[in-house]
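# Fold and contact review
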Amino acid sequence: MKYFSLSILLIRTLFLGAQDLDSLKMGLAQAESDSLKHYYNIEIGYVLMFDYPDSARNYFLKGLSYSQKLEQKAKIASSLTLTGVTYYLNGQFEEAMRYYLKALAISQRTEDNRYTGIISNNIGAVYFEMKEYEKAESHYGNAISLFEVAEDTFWLSNALNNMGNVLEKTEQYEPALTIYKKSLSLAEISGNEEAIGSAMGNLGNVYMALGRDREALQQYRQGVLYQKNADDRIAEAISYNNIGRLLGKEGRYTEAVLNHKKALSIAEEIGHLETLKNGKKWLGDVYNKMGLFEKAYETQNEFIVLSDSLVGLEKAKAVEELNQKYESELKERTIAELELDKKNAALALAKSNNQRNTFIFIALLIVFIAVFLYYLYNTKRKTSDILAIKNNQISKALDEREVLLKEIHHRVKNNLQVVWSLLRLQGRSLNNEVAREALTQGQNRVKSMALVHQRLYSTDDLRGVSVQDYFEKLTSELFMAFGVSHVDYKVETSHIKLDIDTMVPLGLIVNELMTNAIKYAFPEEKEGGLVELTMSEESDKLVVRLRDNGVGMDEESLKKGNSFGWKMIRSLSRELKAEIEILNNNGTTINLSLSRYKLVV
């Protein structure tokens with residue numbers, strides 16, 4: 001069940017609102033005092049924060065340095081908090097927590113209950129994301145107490161709503177109901193439509209969980225009006241989906257379909273895949289109950305494709321988390337090595353100083369050196385053990401990353417295979433030969449992309465694709481697809497290996513050119529036909545040459561034969577910075593000279 005959470009990003013209410021970035025940067029360049037430099041760095045970071053959190057962080061950290069010079073606790077606390085928000089936006093919750101805790105310690109000394117409550121609220125949000133619900137509940141409770149003392153209705157409503165999320169997540173539905181109602185009444189007093197819509201949506205969730213469907217339907221219908229006014233598109237789409245589910249349970253199928261379609265329209269517009277996936281599933285269920293089995297089947301297929309896509313995104317996120325873990329482990333190992341070097345340097349300095357001591361202290365010096373050497377040996381042994389453990393963890397993380405990357409390529413290939421199958425099924429139902437041929441060409445284009453990902457997950461080297469194997473397979477499948485047996489083909493690519501960013505557009509280009517050669521170069525079935533594909537690196541360019549000994553065609557003829565395909569070739573050539581040369585001499589020869597490509601050694 002989806003939670004309607006008031007985002008921690010309401011921190012933006014602490015500032016004056018987005019200003020023009022160029023004017024802020026100009027103001028920063030002209031600022032002379034530390035106070036103005038702090039102000040402009042914080043404002044620039046605020047403008048960038050939600051779209052470019054990494055860039056915003058740099059400005060917040062500069063603002064932090066100026067606030068420390070000014071020795072103003074409130075400004076230091078706000079700079080630390082905003083830096084934590086940038087980590088929160090990137091899903092780096094441990095780093096976000098580190099900055100929030102520093103900000104909390106400073107803010108507690110300012111006796112600013114409102115801002116201290118905001119930081120506690122943010123800490124609770126981090127614990128909620130990390131699924132540590134007891135800690136989240138504790139910090140939300142602290143924030144609620146502080147907002148009550150500060151008599152801040154707006155933030156109190158926010159913290160209560162978040163506390164309700166914790167209670168709902170831990171299936172404490174009756175207490176959650178009480179909390180959400182209190183949050184709603186305060187939100188109505190403050191007049192914040194986003195907060196009102198969020199509280200109503202959450203009340204609907206709890207009523208649905210308790211089986212009180214009529215009350216849930218009433219809350220969702222009221223909440224969607226506020227969500228629409230507040231331009232909270234995600235919450236609006238979720239509400240329409242939930243209304244559709246409840247109407248479907250009541251047997252009001254036509255109304256249910258209408259609400260699910262509203263949800264899908266919004267989700268497609270804003271690109272929210274999770275809501276889109278759920279809407280497809282529930283809409284398919286309604287169609288099935290209505291006896292519209294063809295629509296139900298089509299909608300369920302779309303749901304399956306979206307589910308696979310979301311799994312692929314989750315795998316990609318897991319790979320990114322492994323990358324971050326790898327970098328963190330590498331950083332820790334570097335620090336350990338530096339500490340060891342520092343200790344060795346300290347030993348050398350101690351020996352140098354002790355040599356100047358008198359004979360009276362020689363005995364003491366020997367004892368000291370012996371103890372120190374034992375300490376150093378013990379420390380070095382412990383450090384070596386730690387480094388061995390870290391190296392093992394890094395090696396394991398790299399292996400897991402490779403497995404996940406292969407799984408992602410496998411998923412992409414499977415999704416493209418689904419698209420290919422759908423195009424094939426659609427083509428069988430068409431009587432128009434032109435339309436059927438267009439779908440066949442589309443199938444071949446999808447197949448050329450799928451082959452790249454198939455080659456990547458089926459080999460041990462994920463960095464690139466063997467061009468020889470790829471084009472032999474692609475050419476073979478094209479000849480089979482068009483049923484050509486009177487023409488031979490030859491592929492010679494000098495054992496070149498290219499990365500995926502080069503192979504996908506190059507594969508599509510060769511697919512189009514090879515299709516043209518098969519279709520138009522040999523109008524009569526006579527023996528001796530040959531299509532040759534060669535590739536070689538010449539100077540700083542990759543030269544791809546496709547030659548046939550057919551009837552010969554110039555550029556204008558090629559454009560007329562496949563205008564869309566030719567436009568696609570031109571577009572992809574610009575992406576690869578490729579020059580195209582067409583020669584009509586005893587057949588057709590097409591030369592492509594690529595300036596942008598990446599070889600894999």
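Everything that follows concerns the structure shown earlier in this document.
Residues numbered from 1 in each chain as written. Predicted model: local features only at pLDDT ≥ 70, side-chain atom pairs only at ≥ 80, totals over all residues. Heavy atoms only, no water.

## With respect to the sheet that holds strand E5 (residues 541-548)
- The five strands are arranged E2-E4-E5-E7-E6 in an open sheet whose pairing can be described as mixed. Looking along the sheet, the strands with just one partner apiece sit at the ends: strand E2 (487-492) and strand E6 (578-584). Ignoring which end each strand starts from, the neighbouring axes of this sheet average 10° apart.
- Taken together, the seven bridges between E6 and strand E7 (residues 588-594) define a ladder with antiparallel strand orientation. By the bridge assignment, Glu581 is partnered in E7 with Asn591. (Pairing = 2+ DSSP bridges. Helix = DSSP H or I, 4+ residues; strand = E, 2+ residues; numbered from the N terminus. Axes fitted to C-alpha atoms, helices over the stretch in contact; angles between N-to-C directions.)

## So, the pairing of E7
- Buried residues dominate E7, accounting for seven of its seven residues.
- On E7, burial covers both faces: Thr588, Ile590, Leu592 and Leu594 on one face and Thr589, Asn591 and Ser593 on the other are all buried.
- Looking at chain direction, E5 and E7 are connected through seven bridges and run antiparallel. Within E7, the position partnered with Leu542 by the bridge is Leu594.
- Between the end of E6 and the start of E7, which pair antiparallel, lie three residues, with Asn586 showing a positive phi angle near 55°. (Buried < 20%, exposed > 50% of the residue type's maximum accessible area, 1.4 Å probe, protein only.)

## Observations concerning the environment of Ser35
- Checked against the element boundaries, Ser35 lands in helix H2 (residues 34-49).
- Ser35 sits in the partly exposed class, given a relative accessible area of 33%.
- The residues touching Ser35, leaving out its near neighbours within four places in the chain, are Leu70 and Lys75. (Contact = heavy atoms within 4.5 Å.)

## Observations regarding the packing of helix H10 (residues 193-209) against helix H11 (residues 213-229)
- For the pair H10 and H11, interaxial distance at closest approach is 8 Å and the crossing angle is 160°. Our classification of the angle between H10 and H11 gives roughly antiparallel. The handedness of the crossing between H10 and H11 is left-handed. On H11, the residues that touch Glu193, Ile196, Gly197, Ser198, Met200, Gly201, Leu203, Gly204, Asn205, Tyr207 and Met208 of H10 are Asp213, Glu215, Ala216, Gln219, Tyr220, Gln222, Gly223, Tyr226, Gln227 and Asn229. (Parallel < 35°, antiparallel > 145°, perpendicular 65-115°, else oblique. Left-handed = near helix turned anticlockwise from the far one by under 90°.)

## Looking at unusual backbone geometry
- Positive phi is not limited to glycine here, since Lys131 has a value of about 65°.
- Considering the arrangement of structural elements, one finds Lys131 in the loop between helix H6 (113-129) and helix H7 (133-150).
- In this structure, Lys577 takes a positive phi of about 50° despite not being glycine.
- When you line up the elements, Lys577 lands in the loop between helix H21 (563-575) and E6.
- Overall, the relative accessible area of 47% leaves Lys577 in the partly exposed class.

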